[in-house]
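So you can see what is in the structure, the chains are spelled out below.
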Amino acid sequence: MRAYRRFRGQAGVLAVFAYALGAGADCGVAQTTQNDNTELASPELRQLNAANGFLERGLYDEAAKEYRGFLDSHAGDAQAAVARYGLGVSLYRLHKYDEAAAELEKVYKLPGFNY
């Protein structure tokens, strides 16, 4: 989906996110993490998978805490973009739109990251 090129700024990021939700990309975060990693036993991935599980179950506060913890400890990890996207989703679902937009803006700027 390359529709995000039509949007600019925080409002655009939220519009793209809303579009993605409408297109069925509701909780693809967990699937992305599990499909891209065969080593699920590492502590970092356990934390990321826990965050994804909280997100899928609608426990958005817990998911945001886990995503933030992962990003604080593993900002340079290959899965950091996935975690940041999950954090943005969690914040959006908590109606913290400004915070969600700030996180999603960081993901939006990454080359090659698809919503």
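Fair warning: this is a prediction, and the values are worked out from it, not measured in the lab.

S.K.: Break down the overall build of the protein for me, citing the residues and quoting the values.
M.R.: What the protein contains, in helices and strands, is 6 helices and 0 strands. In the protein, of all internal contacts separated by at least 6 residues, the share reaching a separation of at least 24 is 52%.

S.K.: If you had to explain helix α6 (residues 97–108) to someone new, which residues and values would you point to?
M.R.: Here α6 spans 15 Å end to end across 12 residues, near enough to the 16 Å set by a 1.5 Å rise per residue. When α6 is considered as a whole, its buried residues turn out to be A100, A101, E103, L104, E105, V107 and Y108.

S.K.: With reference to specific residues and values, describe the packing of aromatic side chains.
M.R.: The geometry of an aromatic ring pair is captured by two quantities: the separation of the ring centres and the angle between the planes. Under the counting rule described, the total for this entry stands at 1 aromatic pair. Summarising the aromatic geometry, the rings of Y92 and Y97 are spaced 5.3 Å apart at their centres and angled 70° between planes, so their arrangement reads as edge-to-face.

S.K.: Provide a residue-level description of the packing of helix α5 (residues 80–93) against α6, including the pertinent values.
M.R.: Between α5 and α6, whose axes approach to 8 Å, the crossing angle comes to 160°. By the criterion of interaxial angle, the relationship of α5 to α6 is roughly antiparallel. The interaxial crossing formed by α5 with α6 has left-handed handedness. Here A81, R84, Y85, L87, G88, L91 and Y92 of α5 lie close against α6, whose contacting residues are Y97, E99, A100, E103, L104, K106 and V107. Counted by class, the contact of α5 with α6 contains 9 nonpolar, 1 polar and 4 charged residues.

S.K.: Got a sec to walk through unusual backbone geometry? Specific residues and values, please.
M.R.: The phi angle at H95 is positive, at roughly 65°, despite the residue not being glycine. Here H95 shows up in the loop between α5 and α6.

S.K.: Can you break down the nonpolar core residue by residue, with the values?
M.R.: With 21 residues, the main nonpolar core has L48, Y67, L71, A83, Y85, L87 and F113 as its most contacted residues. Within the residue set of this core, elements represented by two or more residues are α3 (43–56), α4 (60–73), α5 and α6. Ranked by residues supplied to this core, first place goes to α5 with 8 residues.

S.K.: Describe in detail the pattern of salt bridges, supporting the description with residues and values.
M.R.: The final tally for this structure, using the stated rule, is 3 salt bridges. E103 is the partner of K106 in a salt bridge, and the nearest nitrogen-oxygen pair spans 3.7 Å. With K106 and E103 both in helix α6, this residue pair falls 3 residues apart, about one helical turn. Judged by relative accessible area, which is 12%, E103 ranks as buried. In the salt-bridge network here, residues are joined through shared partners; they are R84, E103 and K106.

S.K.: So, the side chain of S90: which residues are in play, and what are the values?
M.R.: On the secondary structure map, S90 appears in helix α5. Residue S90 is classed as buried on the basis of its relative accessible area of 0%. Sequence-distant contacts of S90, defined by excluding residues within four places in its chain, comprise L55, Y60, A63, A64 and Y67.

S.K.: Explain the environment of A64 to me, using residue names and the numbers behind them.
M.R.: Note that A64 resides in helix α4. In this structure A64 comes out as buried when scored by relative accessible area, which is 3%. Distance in space between the C-alpha atoms of A64 and V89 is 8.8 Å, their sequence separation being 25 residues. A64 has contacts with L87 and S90, leaving out every residue within four places of it along the chain.

The rules behind the values
- Residues numbered from 1 in each chain as written.
- Predicted model: local features only at pLDDT ≥ 70, side-chain atom pairs only at ≥ 80, totals over all residues.
- Heavy atoms only, no water.
- Helix = DSSP H or I, 4+ residues; strand = E, 2+ residues; numbered from the N terminus.
- Contact = heavy atoms within 4.5 Å.
- Expected span 1.5 Å × (residues − 1).
- Buried < 20%, exposed > 50% of the residue type's maximum accessible area, 1.4 Å probe, protein only.
- Phe/Tyr/Trp six-rings, centres within 6.5 Å; stacked < 30°, edge-to-face > 60°.
- Axes fitted to C-alpha atoms, helices over the stretch in contact; angles between N-to-C directions.
- Parallel < 35°, antiparallel > 145°, perpendicular 65-115°, else oblique.
- Left-handed = near helix turned anticlockwise from the far one by under 90°.
- Nonpolar A, V, L, I, M, F, W, Y, C, P; charged D, E, K, R; others polar.
- Core = buried A, V, L, I, M, F, W, Y, C linked by side-chain atoms within 4.5 Å.
- Salt bridge = Lys/Arg side-chain N within 4 Å of Asp/Glu carboxyl O.

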